Amino acid sequence: MSAVKIKEGVYWVGVVDWNVRSFHGHTYNTKRGTTYNSYLIVDEKIALIDSVYAPFSKELLANISEIVPLEKIDYMVVNHVEGDHSGAVPEVLKYCPKAKVIGTEKCKLGMNKNYYGSWDWQTVKTGDKISLGKNTLAFVEAPMLHWPDSMFTYIPELELLMPNDAFGQHISTSKRFDDEIDQGELMDEAAAYYANILLPFSPLVLRKIEEVVKMGIKINMIAPSHGIIWRKDPAKIINAYVKWAKNETTDKVVIAYETMWKSTELMAKTIGDGISSTGVKVVIANISEVDKTNVIKEMLDAKGYLLGSSTHGNDMLPALAGFLSFLKDMKPKGRIGAAFGSYGWAGGAAKSIESVLTAAGVEIVQPLIQCQFVPDKAELKKLFEYGVEFGNKIKKSDANCVFCKG
Amino acid sequence: MKKYICTVCSYIYDPATGDPDGNIAPGTPFEMIPDTWVCPQCGVTKEMFKETI
């Protein structure tokens, strides 16, 4: 795609990755592809904010060249060291002999450890500014949003925030702005992004938003490093982040399981029917079949988590074990849960699941439930009632919004 | 009691609140935290922390 003007003197020069389906190795399924957004600021001095993933370097260089000759770039701002944004920096710098590289101290260390380039660096911290002429680049360190090196670049004269990964979404589209695409699709991907990447850093998200508000930063456009640019309604994504960061949940349960011969699946569905009969929403997912990124997204606003597995050896099945390990890393707060599973002789999966859920900070509110081989009629009734009991606990639970309780 | 900041992610350990999720009771001074404890935010070990105000 060609460069797109997003504000006076500011151009999107990034690339659209239509075909990527696995991100961060295989930890994130990008079912709608993604974009790597890079922004060119043309003023008396010229700055490039972030680059793109290395295989797309040529597209980036071509987009910049449509606007200015590459050698005119004065500043290469690296908001974040991760390869999807910094990958093309070594290539860009080959053509920009006078460009100074701008980033946090940690970014500099990380860039050196990734690319081993000998570049002209100027490290920055919160409050530092660089004048480009009419416009100023102002920097705000944002550690862990998404890595220790991360920072936001802000142009006060244009009220433009370029927060790198924060407020991003993995969507490939020929459109660049929030008002040009389907809102359901947009918020769905923004939620998936938050749930799978930023959820563990929720306390920092709240603190950073508070800090930005206190600084009196005016924002009329947010240009993140993935997906579309928020120009019509930047408050929409900020408000959504506040809600997600506060771990606000609804009366909803996610039942995630892995099954060998469909017995655990029958348990999942029967418990699900019981929960559903109480009016609580249920989402059921066989973790070895469905998109795990989407399941984590569904868990973002769910108050209850039920995890189940058949016993293999004396433990849970491997896909569920991997999923639970990821869930534990996401540090969900204020959720309630329980474990279930089928077994042949000794069992062990449900117990194992229960201990991981506990370690993940999920409050176990019902003893685990197990069935040998295939549930009989009496057991099915018990499973349904188990679901009813869990559904009622969801409705009564005050797990909603742990931060709101102060 | 002194607060400590994680030099990697800027998480602040406040002894007044401790880190209940990491089994550190409120009122525990930083020096008394076991060496096996890790930063609840980014996972680095205790030696990556420094005193802060």
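Structure's up top.
Residues numbered from 1 in each chain as written. Chains lettered and ligands numbered in written order. Predicted model: local features only at pLDDT ≥ 70, side-chain atom pairs only at ≥ 80, totals over all residues. Heavy atoms only, no water.

### Describing the state of the cysteines
Now for step 1: Under the definition given, this model contains zero disulfides over all chains.
Now for step 2: With no disulfide of its own, C96 of chain A lies 16 Å from the sulfur of C107 of chain A, the closest cysteine sulfur.
Now for step 3: The exposure class assigned to C96 of chain A is buried, which follows from its relative accessible area of 2%.
Now for step 4: Its sulfur unpaired, C9 of chain B is 3.6 Å from the next cysteine sulfur, which belongs to C42 of chain B.
Now for step 5: For C9 of chain B, a relative accessible area of 0% translates into the label buried. (Disulfide = S-S within 2.5 Å. Buried < 20%, exposed > 50% of the residue type's maximum accessible area, 1.4 Å probe, protein only.)

### Quick word on the packing of helix α10 (residues 318–329) of chain A against helix α11 (residues 349–359) of chain A
Residues and elements named next belong to chain A.
Now for step 1: Where α10 contacts α11, the two axes come as close as 9 Å, and the packing angle between them is 15°. What the angle tells us is that α10 and α11 run roughly parallel. The way α10 lies across α11 gives a crossing that is right-handed. Here L320, L324, L327 and K328 of α10 lie close against α11, whose contacting residues are I353, V356, L357 and A359. (Axes fitted to C-alpha atoms, helices over the stretch in contact; angles between N-to-C directions. Helix = DSSP H or I, 4+ residues; strand = E, 2+ residues; numbered from the N terminus. Parallel < 35°, antiparallel > 145°, perpendicular 65-115°, else oblique. Left-handed = near helix turned anticlockwise from the far one by under 90°. Contact = heavy atoms within 4.5 Å.)

### A few points about the side chain of S202 of chain A
Residue and element names in this part refer to chain A.
Now for step 1: Tracing the sequence through the fold places S202 in helix α6 (residues 202–214).
Now for step 2: Here L199 takes part through its backbone oxygen, which lies 2.8 Å from a polar atom of the side chain of S202.
Now for step 3: Ignoring anything within four residues of it in the chain, the contact list for S202 reads Y194, W244, A245 and N247. (Polar contact = N/O pair within 3.5 Å; in protein donor to acceptor, adjacent residues only side chain to side chain.)

### Observations regarding α11 of chain A
Residues and elements named next belong to chain A.
Now for step 1: A349, A350, S352, I353 and L357 are the residues of α11 that are buried. All buried residues of α11 fall inside an arc of 160° around its axis, so they share one side. With respect to the buried face of α11, the exposed residues turned more than 90 degrees away are K351 and A359.
Now for step 2: Buried positions along α11 lie against β19 (302–309), α10, β20 (336–343), β21 (363–364) and β22 (369–372).
Now for step 3: With its phi angle positive at about 90°, G361 sits one or two positions after the end of α11. (Arc of directions from axis to C-beta.)

### Thoughts on the nonpolar core
Residues and elements named next belong to chain A.
Now for step 1: One finds Y241, W244 and L307 to be the most contacted residues of the largest nonpolar core, which totals 106 residues.
Now for step 2: Element by element, the count of residues in this core is highest for helix α5 (residues 183–198), at ten residues.
Now for step 3: In terms of domain composition, this core takes at least three residues from each of domain 1 (4–245) and domain 2 (253–405).
Now for step 4: Setting aside chain neighbours within four positions, we find Y241 in contact with A166, F167, G168, Y193, Y194, L198, V205 and I209.
Now for step 5: Of all hydrophobic cores here, the second largest spans 25 residues; its members include I130, L137, F177 and I229. (Core = buried A, V, L, I, M, F, W, Y, C linked by side-chain atoms within 4.5 Å. Domains from an automatic or database assignment.)

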